[in-house]
Amino acid sequence: MRFLQDLTYEEVEKTVLDCGMPKYRAGQLFSWITRGAKYGEMSNIPQSLKDFLVSQGYNDEPVRIIRTLESKLDGTVKFLYALQDNNVIEGVLMKYKYGNTLCVSTQVGCRMNCAFCASGLDGLVRNLASGEILGQIIAVNGTYGAGTVGNVVLMGSGEPLDNYDNTVKFLTNVSDPRGLNISKRGVSLSTCGLCDKMRLLCDQGYTPTLTVSLHAPNDEIRKKIMPIAVRYSVSEVVDAAKYYFNVTGRRVIFEYSLIKGVNDSMDCAKELARLIKGFPCHVNLIALNSVKERGLAGTLKEQVEQFRACLEKLNVSVTLRRSMGADIDGACGQLRRKFIKAGGGE
């Protein structure tokens, strides 16, 4: 299926010209598309152009919000989106002092099957089209008002670099000043460490903030919790991160979810510090938001603080990520699975 939101500005321009319309119509059409307008709402677009787009198979609504849950703890909002093929995905709007950040999904399900994540429990269903990724932002802006989403993190369901072509097309569209105009520095991409794609990303000129899900300081531990570690060693992941920094000048963030009895010892902290010594990166510690199907528990608060303090003492730039949305199925993939198990309703 094709979506209007798949189109870059240049593709919109070509489509307009192919239809025999003047070039200025491209700006009008692109503006409507990035506002999530349906064909019937595009008041200044000729019917003949709309008919042409329909004839080319362009759907005007890639995603729609079908459920909204708001945390009573911190105002975080979780969305369940329906896709045109009746698949469902989810996203999270996080509210900070500096603005709102939307966590978006890039796949239905995930093939990475990390041991602490709900997204991979059912495997990969399919990749999202670029317009379906962009459509999540457009849907939220349409509900809460234009400009609601100021920052974007590709940390929802799926591995963004496993859906490379659609992800980079999304990166092009989300920062286009003629559309949503979200700053390139306001976009973060999380990867479990697909090293070849990490290198390709910056070689092709894309510069989102790269967040690497490391979660272990060595291959032995990482292989137990992340199947991708069989393909890429910890040293290869760190080398690819260094390459990204050298090409882009953008500091890389390593995410490290603390799992009780698995990767949370002081020896692990010291080994992590040695692994990234001399590299201008940042470590984002995460107190694991447990997924009951996975059977893993988060590290206790006191030990989380000890781990953080150990890294700081070893001159590692580190912060502890604030847990958000714990009362609304905050961990990625939980709401979707709950919805599916209930047969599409609760």
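Everything below is about the structure printed above this text.
### Here's the deal with helix α5 (residues 164-174)
Among all positions of α5, only Y164, T167, V168, F170, L171, N173 and V174 are buried. Summarising the contacts, the buried residues of α5 are in contact with α1 (9-18), α2 (25-34), α4 (130-144), β9 (151-154), β10 (187-191) and α6 (195-203).

### Remarks on the nonpolar core
Ranked by internal contacts, the top residues of the largest apolar core, which has 78 residues, are I137, L201 and L311. The residues touching L201, leaving out its near neighbours within four places in the chain, are L161, Y164, V168, L171, L189, Y206, P208, L210 and Y244. Core analysis: the second largest hydrophobic core is formed by 18 residues, Y9, F30, M42 and L49 among them.

### Concerning the sheet that holds strand β12 (residues 253-258)
With mixed pairing, 10 strands are arranged side by side in an open sheet as β3-β4-β5-β6-β9-β10-β11-β12-β13-β14. A strand with exactly one partner marks an edge of an open sheet, and here the two such strands are β3 (63-70) and β14 (318-321). Taking the axes of each pair of neighbouring strands and ignoring which way they run, one obtains an average angle of 25 degrees across the sheet. Two elements, strand β6 (residues 99-103) and β9, share 3 bridges in a ladder whose sense is parallel. Bridge assignment links T101 to a residue of β9, and that residue is N151.

### Concerning the packing of aromatic side chains
Inspection of every chain in the model, using the stated rule, returns 7 aromatic pairs. Note on F79 and Y144: the rings are 6.0 Å apart at their centroids and 70 degrees apart in plane angle, and the pair reads as edge-to-face. On the criterion of sequence distance, the pair formed by F79 in strand β4 (residues 77-83) and Y144 in helix α4 is long-range, its members being 65 residues apart. For F79, a relative accessible area of 0% corresponds to the buried category. Taking relative accessible area as the criterion, Y144 reaches 37% and is therefore assigned partly exposed. Geometrically, the ring pair formed by Y256 and F307 is tilted, given 5.3 Å between the ring centres and 35 degrees between the ring planes. Pair noted here: Y256 is in strand β12 and F307 is in helix α10 (residues 301-313), with a separation of 51 residues, a long-range link. One exposure class covers both Y256 and F307, and it is buried. One cation-aromatic arrangement involves R178 over Y9; the distance from NZ or CZ to the ring centre is 3.8 Å.

### Thoughts on unusual backbone geometry
What is expected of a backbone is that most residues other than glycine have negative phi and most peptide bonds are trans. Positive phi, normally seen in glycine, also occurs at N113, with a value near 55 degrees. With respect to the secondary-structure elements, N113 resides in the loop between β7 (107-109) and β8 (124-127). You can call N113 partly exposed: its relative accessible area is 36%. Even without being glycine, N181 reaches a positive phi, approximately 55 degrees. By the secondary structure assignment, N181 is in the loop between α5 and β10.

### Notes on the pattern of salt bridges
Under the definition given, this model contains 14 salt bridges. Note that R178 is salt-bridged to E10, the shortest N-O span being 3.3 Å. Linking R178 in the loop between α5 and β10 with E10 in helix α1, this pair joins segments that are 168 residues apart in sequence. Taking the relative accessible area as the measure of exposure, E10 reaches 47% and is therefore partly exposed. Measuring nitrogen to oxygen at the nearest pair gives 2.7 Å for the salt bridge that ties R126 to D85. Here R126 is found in strand β8, whereas its partner D85 is found in the loop between β4 and β5 (88-96), with 41 residues between them in sequence. What you see here is one network of salt bridges that share partners, running through E10, D176 and R178.

About the thresholds
- Residues numbered from 1 in each chain as written.
- Predicted model: local features only at pLDDT ≥ 70, side-chain atom pairs only at ≥ 80, totals over all residues.
- Heavy atoms only, no water.
- Buried < 20%, exposed > 50% of the residue type's maximum accessible area, 1.4 Å probe, protein only.
- Helix = DSSP H or I, 4+ residues; strand = E, 2+ residues; numbered from the N terminus.
- Contact = heavy atoms within 4.5 Å.
- Core = buried A, V, L, I, M, F, W, Y, C linked by side-chain atoms within 4.5 Å.
- Pairing = 2+ DSSP bridges.
- Axes fitted to C-alpha atoms, helices over the stretch in contact; angles between N-to-C directions.
- Phe/Tyr/Trp six-rings, centres within 6.5 Å; stacked < 30°, edge-to-face > 60°.
- Lys NZ or Arg CZ within 6 Å of the ring centre and 35° of its normal.
- Salt bridge = Lys/Arg side-chain N within 4 Å of Asp/Glu carboxyl O.

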